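Descriptive analysis of the structure
Each chain, letter by letter, is given below.
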Amino acid sequence: GIQWLLNQQAAEEEMTYGKKRKFGQNARYFKMLLVFILENELHDHVTYLVDSLWNCASSLLKDWECMTALLLEDCRQEEEGLDDAHKSALIEVIIASMQ
């Protein structure tokens, strides 16, 4: 009875924590990728960059939930939000990931 319920709650909390940790790691990776794209002026080559990353990072490049959340963050409310240039680059990554 109660032990089973406590075990279920603990399992759900662990899963939520693991998901948040993975989300945070993916968000940091995307932000580094966007900085790389912008600093190296790779706007015209995002498709090639995504294609070259596909074999080693396809699960990350399919993390639509993380990419969508990053697009919806407001940089005025949150220090870590993306500005317009970073959002544009992320949209390019999303489009290239879908092809």
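Residues numbered from 1 in each chain as written. Predicted model: local features only at pLDDT ≥ 70, side-chain atom pairs only at ≥ 80, totals over all residues. Heavy atoms only, no water.

Concerning the confidence of the model for the chain
Close reading of the predicted structure is inappropriate where its pLDDT is low. Keep this limit in mind: pLDDT gives the predictor's per-residue confidence on a scale running from 0 to 100. Secondary structure is summarised from DSSP: a helix means a run of H or I of at least four residues, a strand means a run of E of at least two, and numbering begins at the N terminus for each.
Averaged over every residue, the pLDDT of the chain is 81; residues scoring 70 or more account for 71%. Looking at the elements of the chain, mean pLDDT is at its lowest for helix α1 (residues 2–39), recorded as 74, and at its highest for helix α4 (residues 84–98), recorded as 94.

Observations regarding the packing of helix α3 (residues 64–72) against α4
In helix packing, the relevant descriptors are the interaxial angle and the interaxial distance, both defined with respect to the helix axes. Selection rule: An axis is simply a line fitted to the C-alpha atoms; with a helix, the fit covers only the stretch in contact. Between two such axes, the angle follows the N-to-C directions and lies from 0 to 180 degrees. Throughout this description, any angle smaller than 35 degrees is read as roughly parallel, any larger than 145 degrees as roughly antiparallel, any in the 65 to 115 degree range as roughly perpendicular, and the remainder as oblique. In this scheme, a crossing is called left-handed if the near helix is turned counterclockwise away from the far one by less than a right angle; it is called right-handed if the turn is clockwise. Contacts are assigned to residue pairs with any non-hydrogen atoms lying within 4.5 Å of each other.
Two elements in contact, α3 and α4, have axes separated by 10 Å at closest approach and are oriented at 155°. One way to sum up the angle between α3 and α4 is to call them roughly antiparallel. In the packing of α3 onto α4, the handedness of the crossing is left-handed. Side by side, α3 and α4 meet where Trp64, Met67, Leu70 and Leu71 of the first sit next to Lys87, Leu90, Ile91, Val93, Ile94, Ser97 and Met98 of the second.

Some words on the environment of His43
Spelled out, the test is: Burial classes follow relative accessibility: with a 1.4 Å probe on protein chains only, a residue under 20% of its type's maximum area counts as buried, one over 50% as exposed, and anything between as partly exposed.
Positionally, His43 belongs in the loop between α1 and α2 (46–61). Judged by relative accessible area, which is 37%, His43 ranks as partly exposed. Sequence spacing of His43 and Ala89 is 46 residues, and the spatial spacing of their C-alpha atoms is 7.1 Å. Every residue in contact with His43, bar those within four places of it in the chain, is listed here: Ile37, Leu38 and Glu92.

Quick notes on unusual backbone geometry
Generally, phi is negative for residues other than glycine and the peptide bonds are trans, each holding for most cases. Even without a glycine there, the phi angle at Glu41 is positive, about 50°. With respect to the element layout, Glu41 can be found in the loop between α1 and α2.

Observations concerning the side chain of Lys87
Let me state the cut-off plainly: When charges are counted, neither His nor the chain ends are considered; positive counts come from Lys and Arg and negative counts from Asp and Glu. Salt bridge, as applied in this entry: a Lys or Arg side-chain nitrogen positioned within 4 Å of an Asp or Glu carboxyl oxygen.
With respect to the helices and strands, Lys87 occurs in helix α4. Of the side chains bearing the opposite charge, Asp84 lies closest to the buried Lys87, which forms no salt bridge; the N-O distance is 5.3 Å. Ignoring any residue separated from it by four or fewer positions in sequence, one finds Lys87 in contact with Leu70, Leu71, Glu73 and Leu82.

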